[in-house]
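Letter by letter, the chains look like this.
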Amino acid sequence: MDTTTYLLNGLLLVTIVRQVRGTELNLANLLIPLGTVAAAALAFLHSVPTGGGDLTLILGLAGLGAALGALGGSLVRLSALRPRAGARQGAKVRLLARTPLAVLPVLVLGSLARLAFAFAANHGLGQAIADFSRDQRITGQDAWVAALVLMALAEVVTRLTVTRLRGHLLGRTLAAPAAASATVPVPAAAAARPARARAAAPFEPA
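Residues numbered from 1 in each chain as written. Predicted model: local features only at pLDDT ≥ 70, side-chain atom pairs only at ≥ 80, totals over all residues. Heavy atoms only, no water.

Section: the pairing of strand S3 (residues 95-98)
Two faces belong to every sheet, and in a regular strand the side chains alternate between them. Where we set the bar: Here's how the labels work: a residue is buried when its accessible area is under 20% of the maximum for its type, exposed when over 50%, partly exposed in between, all with a 1.4 Å probe on protein chains only. Put simply, DSSP marks the helices as runs of H or I at least four residues long and the strands as runs of E at least two long, and each gets a number from the N terminus on. A pair of strands is labelled paired if DSSP reports no fewer than 2 bridges between them.
Judged by which residues are buried, S3 turns out to be one-sided: Leu95 and Ala97 face inward and are buried, whereas Leu96 and Arg98, on the alternate face, are not. Pairing of strand S1 (residues 23-24) with S3, which is carried by two bridges, proceeds in the antiparallel orientation. By the bridge assignment for S3, glutamate 24 is matched with leucine 96. One ladder, built from four bridges, connects strand S2 (residues 77-80) with S3; its direction is antiparallel. Counted as the bridge partner of leucine 78 is alanine 97 from S3.

As C-alpha cells, this is what we get:
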C-alpha cells in the first residue's frame, strides 16, 4: 500500500504543481494525469473487495475524491492565450489553466492526505488502522488499496472534467464576439452609397 500511494500521489502532485506557472488546456495536459492514475489502477488495483465494510470504505473515499476534484476544478484560473503568429481568423481560442498559490493547498489536499495515511500506516499507526478495520468490518489491505486508488482516480477525473467544461464554455464565450463581427452583413444601402455619391459629384476641371 505504501509503494502504491507514494508513487501515485507523487506523480499527481507533480502534475498539479506544474500548473502553478500555467499550462495550456491541450490534449497532452489531459492525458498525462489520466494516464498516471490509469497506470496505477492497472498496476495495483487487482480487485475491488465488496465484503463487510469494504464497499462503504471504497465508495466513501471515492466520493470524497470526487468532491475534492470538483472543488479543485472550479478554482483553477482560466484565461485566453494570445493567438499564434499567422493564426487564421476564427481559429479555436487557446486557453491557459493556472493554479493560484492561494488555492494550491485545496488541490493537493487529497494527495497529501493519502501520503500521510501511507506514512502513518508504516510508522506507528499500523495497529490503530488494523483495529479500525476490524471494528468497521474492513477485510484487509486490498480494500484500502482499492479505496485510495479509486479516490485518486475520482479526484483526477472530476477535476479535469470540471476544468475542461469551464474551458469549453469560456472558449465559446470568447469566440462568439469574433464570429459575430466576421459575419455581420453590410447593408445594401450602405454599400451602394459611395457609388451614388461618386456619380452625383460634379466633374472637376482638368
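Overview of the side chain of threonine 15
The test is simple: In the analysis that follows, any N or O atom pair within 3.5 Å is treated as a polar contact, provided that within protein one partner can donate a hydrogen and the other can accept it, and provided that, for residues neighboring in sequence, both atoms belong to side chains. Any two residues whose heavy atoms approach within 4.5 Å at even a single point are treated as in contact.
Its location among the elements puts threonine 15 in helix H1 (residues 2-18). The buried category is assigned to threonine 15, whose relative accessible area is 14%. Side-chain polar atoms of threonine 15 contact the backbone oxygen of leucine 12, separated by 2.7 Å. Those residues in contact with threonine 15 that lie beyond four places of it in its chain are Ile32 and Pro33.

Quick look at the sheet that holds S3
The strand order S1-S3-S2 describes an open sheet built from three strands, whose pairing is antiparallel. Strands at the two margins of the open sheet, each flanked by one partner only, are S1 and S2.

A word on unusual backbone geometry
Positioned with a positive phi, arginine 137 is a non-glycine residue whose angle comes to about 60°. One can find arginine 137 in the loop between helix H5 (126-135) and helix H6 (141-183).

Topic: empty space enclosed by the protein
To find leftover empty space, a probe the size of one water molecule is rolled over the atoms. Quick reminder of the rule: Only protein atoms enter the 1 Å grid used here. Points where a 1.4 Å probe fits but cannot escape make up a cavity, open sets with protein on both sides within 12 Å along at least five of seven lines make up a pocket, and a residue lines them when an atom lies within 4 Å of a point. Grid points are joined across faces, edges and corners, and a volume is the space filled by probe spheres set on the points.
Taken as a whole and assessed by the stated rule, the structure comprises one cavity of 30 Å³ or more. By volume, the largest cavity amounts to about 150 Å³. Forming the boundary of the largest cavity are 16 residues, of which Gln19, Asn29, Pro33, Arg159 and Leu160 lie nearest the centre. Here the element with the most residues in the lining of the largest cavity is H6; it accounts for four residues.

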